[in-house]
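Structural description and commentary
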Amino acid sequence: MTQNQAQWTALRDAVDGEWIAQLAQAMVEIPSVTMQEAEVCQFYAAQLRELGFDVDERRVTDGRYNIYARLPGTGDGPSLMLNGHLDTIPIGDCVPCRREGDRLYGRGATDMKGAMAAKLGALRALKSVGVTLAGDLWLSAIVGHEEPEAEKDGPLALIEDWKNGRIGGDRILIGEGWNELWVMSMGTMVFEIELTSPRGGTHTTYVPFGENPIRFLGDLIQRIAAYQEELDRGGLHPLAGAERIDVGTVEAGDYFNRTPVLCRLTGTLRWGPRANAEEALAELRELAAPIAEAGQLELNVNMIHEREPFETPGDDPAVQAVAQAHRFVHGGQAEITGKRIVGDANLYVNLGGVPSFYYGPSNETAHSDGEWVSLSRLTQAAQVYALTAAEYCGLNGNGR
Ligand SMILES: [Zn+2]
């Protein structure tokens, strides 16, 4: 066994699964629906202090704090930030918190208090083995992730803090999702396409159907259907597959025998890292322009809301560090994946400029009424996080 393997084995074995399980349960027992995270944040900060960390409580709004802590490195290695959120969706009809065999049930168990407990378990193991990392290891627990009313205030505060140097991290590893390397997300845009008739409303008897704006709205819908077929055929992203255009609402007209003045269609576009939101919007405009022109209609294409795509290369040293740690713990390769759904990495990469990606214990029951997490997978995730820090930040002052 090489020195490195011996250290890795010691670090892996220093992760205390029962400690993590009890911590995760205590965290799930504290309700922390978005905007009401104060108690769980205080609890989490107290745990960090008990482990000997200085805790930086960053006020986001009154009573709501992002929690930051740092395991200082000797200064010459790259730094890593472990990140996740402490808020949950509303508890609703979710099963009450209870532990049964390998499972911990309750709102937030898998999304994502389990992972946040695992991160503390990793820091605890690193401390107990007396490892000195070459680069800093940061931990951030944020508020305001889940519910739209928070408008992502926790993640945005973190980005601000990272930019002004309050916190650090050359990479952000989010403990969200499955135990795979999720390194790419498509962008998401809610869009609105409006076709307006400059002629105003007219009795339909005076307008041939071929000139009725509704007919052109129909053409637009058909064009969107054809566009999706084009997307399905070509330019598939190797990790996330085909881009998607979906339509949610169509409105037109206000009376049965009057031509509509305004036709409006809203939907969602999910596109890959090949383009930014403005470029994707321009493509939509290009799609609709010939139809508006044929109908002599004014065209308006707007973004209601957008999140830019992100992609962190699979051969990035931090991604590779997790891959290696995963192999050590699980004995097999972690899958490299991309998804159509967006998350905080889209913000960290595009607004903060920090390469980011995800690796979590699990996600299968997130947002379901039967939410639970496997406790053994929490232990394994903690082992992977601890070994990733050793690999990426460098062990014993030997920076990579
Ligand atoms: Zn989550």
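Data block above holds the structure.
Fair warning: this is a prediction, and the values are worked out from it, not measured in the lab.

**Some details on empty space enclosed by the protein**
- One pass over the structure, following the stated rule, counts 1 cavity of 30 Å³ or more.
- Considering only enclosed or pocket space, the largest cavity measures out at about 40 Å³ in volume.
- As for the largest cavity, its lining consists of Tyr227, Glu243, Leu269, Trp271, Arg274, Ala280, Glu283, Leu284 and Leu287.
- Contributions of two or more residues to the lining of the largest cavity are made by strand 11 (262-271) and helix 7 (277-294).
- A per-class count over the lining of the largest cavity returns 6 nonpolar, no polar and 3 charged.

**Let's talk about the coordination of the zinc ion**
- His85 (NE2), Asp111 (OD) and Glu176 (OE) make up the full set of protein donors to the zinc ion, lying at 1.8 to 2.1 Å.
- All donors of the zinc ion come from a single chain, and their spacing in sequence reads H-x25-D-x64-E. Here Asp111 is found in helix 4 (residues 109-129), whereas its partner Glu176 is found in the loop between strand 7 (171-174) and strand 8 (181-185), with 65 residues between them in sequence. The exposure classification of Asp111 matches that of Glu176, with both residues buried.

**Re the packing of helix 5 (residues 153-163) against helix 9 (residues 344-352)**
- As a packed pair, helix 5 and helix 9 sit with axes 10 Å apart at the nearest point and diverge in direction by 35°. Every pair of crossing elements has a handedness; the one defined by helix 5 and helix 9 is right-handed. Contacts between helix 5 and helix 9 involve Pro155, Leu156, Leu158, Ile159, Trp162 and Lys163 from the former and Asp344, Leu347, Tyr348, Leu351 and Gly352 from the latter.
- Looking at the contact of helix 5 with helix 9 residue by residue, the class counts come to 8 nonpolar, 1 polar and 2 charged.

Here is what the cut-offs are and how they apply
- Residues numbered from 1 in each chain as written.
- Predicted model: local features only at pLDDT ≥ 70, side-chain atom pairs only at ≥ 80, totals over all residues.
- Heavy atoms only, no water.
- 1 Å grid on protein atoms, 1.4 Å probe; cavity = no way out; pocket = protein on both sides within 12 Å on 5 of 7 lines; lining within 4 Å.
- Points joined across faces, edges and corners; volume = space filled by probe spheres on them.
- Helix = DSSP H or I, 4+ residues; strand = E, 2+ residues; numbered from the N terminus.
- Nonpolar A, V, L, I, M, F, W, Y, C, P; charged D, E, K, R; others polar.
- Donors = N, O, S within 2.8 Å, 3.2 Å for Na, K, Ca; no water.
- Buried < 20%, exposed > 50% of the residue type's maximum accessible area, 1.4 Å probe, protein only.
- Axes fitted to C-alpha atoms, helices over the stretch in contact; angles between N-to-C directions.
- Left-handed = near helix turned anticlockwise from the far one by under 90°.
- Contact = heavy atoms within 4.5 Å.

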